[in-house]
Amino acid sequence: MIMKKIMLLTLTVAAILLPACQSSIKNANDRRLDARVDSVLKLMTIDEKIGQMVLYSSDWDVTGPSLNKNYIDEIRKGNCGNIFNAYTAAYTRKLQKIAVEESRLKIPLLFGYDVIHGQKTIFPISLGESCSWDLAAIEKSARVSAAEAAASGINWTFAPMVDISVDPRWGRVSEGAGEDPFLGAKIAAARVHGFQGNNLADSLSILACVKHFAAYGAPLAGRDYNTVDMSKRQFLDMYLPPYKAGIDAGAMSVMSAFNEFDGVPATGSQYLLTDVLRKQLGFKGFVVTDYTSINEMVNHGVAANEADAGLLAIKAGVDMDMQGGVYAKYLKNQLEKGLVSEKMIDESVRRILKVKFMLGLFDDPYKYCNEAREKREVYSAAHLQAALDVAKKSLVLLKNNDQTLPLNKGQKLAVIGELANSKRDLLGSWKAAGEWNDINSILDEIKIYNGTTKVLYAEGCKKMGNDRSGFPLALSVAKQADKIIMVMGEDAGWSGEAASRTDIRVPGVQTELLEKLKTLHKPIVVVLMNGRPLDLSRENDLADAILEAWFPGSMGAKAVTQVLFGNYNPSGKLTMTFPRNVGQIPIFYYEKNTGRPIYLPDPKYKSRYIDCPNDPLFPFGYGLSYTTFAYSEIKLSNHILSPDDSITASVNVTNTGTCDGEEIVQCYVRDLVGSVTRPVKELKGFEKIALKVGESKVVKFTITPDLLAFHRLDMTYGTEPGDFKLFIGGNSRDVKETGFKLVQ
Ligand code: BGC
């Protein structure tokens, strides 16, 4: 009898689900979607509903505290509707089969994974990639990552991470797009488009997850998971734009952050998850916690126990509990006691089911589990080519005295440093299923390019520790060469989650070795691998050329080599300020002027340090090329900007050097007088142009009033009339300047 009932139910569900598959529904507001979701919802028991709100990690690639849950059994019972850290077409098929053949309602699983900068083909770390300022290339990188993930059984990535950060002590700056809200917003949108494509149901698309909501990038003292405390104005103007852009681009999931905000942990914050996310930003997807962030509200001290923490979370707007097991354990009982309403639970389940429909999972739950496709699409030549392209564009040339670079082929080169010979580090943190055994190190690629006999190698020292015993060999090797290339920086594990530093200099005795190499009086090129802005004051004194390579991914070594030898002219520009030392942090270009700015004549009583200049070593937007660019004065179409109008600012940029190159032209504004103080510069436009030797191009930026809006004294969002400065240049420091007036 019971068996019959179940069969009937199954048939009913199938009948309801079928029409959904025939027309793919792209729009979250599509009413047909609601009808189908509701028709499933009404068949569900309360346990099954709560099961959809549960996400457990498989035992494959655990990224936090493990609960040792028997997730397979939970899937079978309908108590777990979503899995993360499981991939490969075969394994996800096995789990999906349990969900759709053995659970009562046969609702397909979501498979989440941290596909942050690639699945198996690994792209540069996100911070590096952002330095390309190349939105098409960034979107392509996410698209390729989605295609590989989709072919490996994954239908949901925990990316993009769009947290603005101005603190390089925080290890997770490596996962973001740097310090700037305007650029960050453009990149957030590009990444969401890349992951989700035009249609979530497309077999190459996966669900994106904008994270970590919100303001996770501003922990006090740069210590991961630490308290965040900022004004709401600062939050809304400087931190919110990239989250908003990701949501506007269609991201259908958002991850709540670990940190507190204004005294309330983000996972229990009605202000963040309901007032801002749902009401202000109009988010229509579902909210998942970051790992056990519900449980952690007990440690935060806003809930006496996990059950109470769960109540805070559901009331704030959290739909899915990642790994914490709190909803699974307490929600039903809380419903029975009247502490939560079934309506609330239904709302969350509805959001989750909606996304499963949009992904086309009810149509074909195995659409991501195709082994033949996995073999064909993952790590393909075309994907590796895309990774090479972005990697080249992410490299930033920080210094190049006397044209030390590019190198001439065939010279005798001494390559020094453990990182030169490392494959694993090239991939950086969050390397997903990235393979490093079969990729080339920087040393390998330099040998291929320059000829093995012309390349000498000595490790010299490790990236960490204080063993100097390799110094003599490194020095004797370097003595025999025409030029020295020292590859130095951080271990890949020194950035990313839970990898904050208080000292952002190059670790170990690497710089000491550089000092010794300097005594040989040979040209020295430093290639850096690191996941955050470093204090490079000492290296900047010692090296003739510095190439910032970040962790450049599977094809990174080739990219570095092509740039070193001038096969590609570097074009990347920093998206985070590089301080002179850790004491300048937080340091960012959109600072306020203060009442006592540094340029005042008084020698003492102004906003400055007594032991260090105020300005950074390398400013936001900075990066050299092997050629040079000259900027004309700015021409404005009009010096008056009216409310519904726009003005155009143009400059003529000329390649004045000796090789073809690309330049990222940047446009900034400053609002001179506001009801609240305004930043000294804010990026409002950029364009990457290619110029042949001697060629000129006019670059135009359109300034509209909405670009000048901010949260005014009364917290309304809009513009204020008055005078503005407008700047255009190749970085945030070296700019041409003009002005205009915004009238009412
Ligand atoms: C991280 C998230 C990540 C999650 C799942 C957490 O520890 O903060 O960014 O998506 O783990 O792996």
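Residues numbered from 1 in each chain as written. Predicted model: local features only at pLDDT ≥ 70, side-chain atom pairs only at ≥ 80, totals over all residues. Heavy atoms only, no water.

Undergrad: How would you summarise the sheet that holds strand E9 (residues 286-288) if you had to cite specific residues and measurements?
TA: Strand pairing in a sheet is mediated by backbone hydrogen bonds. Such pairs are either parallel or antiparallel. Spatial strand order, E5-E6-E9: 3 strands in an open sheet with parallel pairing. Where the open sheet ends on each side, the last strands, each with one partner, are strand E5 (209-213) and E9. Between one strand axis and the next, the sheet turns through 25° on average, direction left out of account. As judged from the 3 bridges shared by strand E6 (residues 253-256) and E9, these two strands associate in the parallel manner. Each residue of the ladder has a partner; that of Val254, found in E9, is Val287. (Pairing = 2+ DSSP bridges. Helix = DSSP H or I, 4+ residues; strand = E, 2+ residues; numbered from the N terminus. Axes fitted to C-alpha atoms, helices over the stretch in contact; angles between N-to-C directions.)

Undergrad: Quick one: what's the story with the side chain of Asn259, residue by residue and with numbers?
TA: Take Asn259: it is sitting in the loop between E6 and strand E7 (260-261). A distance of 3.2 Å separates the side chain of Asn259 from the backbone oxygen of Ala214, its partner in a polar contact. With residues up to four places along the chain from it excluded, the contact list for Asn259 reads Ala214, Ala215, Tyr216, Asn226, Val228, Val264, Pro265, Ala266 and His300. (Polar contact = N/O pair within 3.5 Å; in protein donor to acceptor, adjacent residues only side chain to side chain. Contact = heavy atoms within 4.5 Å.)

Undergrad: If you had to explain the domain arrangement of the protein to someone new, which residues and values would you point to?
TA: Taken as a whole, the protein is organised into domain 1 (112-374), domain 2 (395-571) and domain 3 (629-742). Averaged C-alpha coordinates put domain 1 and domain 3 at centres separated by 32 Å. Taken together, the contact between domain 1 and domain 3 spans 14 residues of the former and 17 residues of the latter. Taking both sides of the interface into account, the surface hidden between domain 1 and domain 3 amounts to around 1,200 Å²; carbon and sulfur atoms contribute 68%. In terms of surface lost to domain 3, no three residues of domain 1 exceed Trp133, Phe182 and Arg233, which account for 55% of the buried area on that side. (Domains from an automatic or database assignment. Buried area = accessible area lost by both parts, 1.4 Å probe.)

Undergrad: Would you mind going over the sheet that holds strand E13 (residues 455-458) in detail, with residue names and values included?
TA: Here 6 strands make up an open sheet; going across it, the order is E11-E16-E15-E14-E12-E13 and the pairing mixed. Single-partner strands in this sheet number two, and they are strand E11 (396-400) and E13. This sheet shows a mean twist of 20° between the axes of neighbouring strands, independent of strand direction. Across 6 bridges, strand E14 (residues 483-489) lies against strand E15 (residues 524-529) in parallel orientation. Residue pairing across strands places Val487 opposite Val527, the latter belonging to E15. Here helix H18 (residues 471-479) sits on the sheet and contacts strand E12 (413-416), E13 and E14; the angle it forms with E13, its principal contact strand, is near 165°.

Undergrad: Would you mind going over the state of the cysteines in detail, with residue names and values included?
TA: If you walk through the whole model with that rule in mind, you get 0 disulfides. With no disulfide partner, Cys209 has as its closest neighbouring cysteine sulfur the one in Cys80, 16 Å distant. Of the residues examined, Cys209 reaches a relative accessible area of 0% and is grouped as buried. (Disulfide = S-S within 2.5 Å. Buried < 20%, exposed > 50% of the residue type's maximum accessible area, 1.4 Å probe, protein only.)

Undergrad: I'd like to hear about empty space enclosed by the protein, residue by residue, with values.
TA: Going through the model one piece at a time under the given rule, you end up with 3 cavities of 30 Å³ or more. Counted as a void, the largest cavity has a volume near 110 Å³. Surrounding the largest cavity, 15 residues form its lining, Gln52, Ile75, Gly78, Ser103 and Ile107 being those nearest its centre. The computed volume of the second largest cavity comes to approximately 70 Å³. Every residue lining the second largest cavity is listed: Pro160, Met161, Val162, Asp163, Ile164, Ala177, Gly178, Gly184, Ile187, Ala188, Arg191 and Pro242. When the residues that make up the lining of the second largest cavity are grouped by side-chain class, the tally is 8 nonpolar, 2 polar and 2 charged. (1 Å grid on protein atoms, 1.4 Å probe; cavity = no way out; pocket = protein on both sides within 12 Å on 5 of 7 lines; lining within 4 Å. Points joined across faces, edges and corners; volume = space filled by probe spheres on them. Nonpolar A, V, L, I, M, F, W, Y, C, P; charged D, E, K, R; others polar.)

Undergrad: Tell me about the nonpolar core, residues and numbers included.
TA: Counting residues in each nonpolar core, the largest one holds 233 residues, and the members touching the most others are Phe213 and Leu564. If one sorts the elements of this core by residue count, helix H8 (residues 181-196) sits on top with 9 residues. In this structure, Leu564 is in contact with Leu405, Pro406, Leu407, Ile446, Ile485, Val525, Val527, Leu547 and Tyr626, ignoring residues within four places of it in sequence. Counting residues in each nonpolar core, the second largest holds 13 residues, with Ile75, Cys80, Ile83 and Tyr91 among its members. (Core = buried A, V, L, I, M, F, W, Y, C linked by side-chain atoms within 4.5 Å.)

Undergrad: Before we move on, can you summarise the environment of Asp734 with the specific residues and values?
TA: Turning to its location among the elements, Asp734 is positioned in the loop between strand E26 (722-729) and strand E27 (735-742). When the C-alpha positions of Asp734 and Gly621 are compared, they lie 9.7 Å apart, and in sequence the two are 113 residues distant. A distance of 3.1 Å separates polar atoms of two side chains, one belonging to Asp734 and the other to Arg733.

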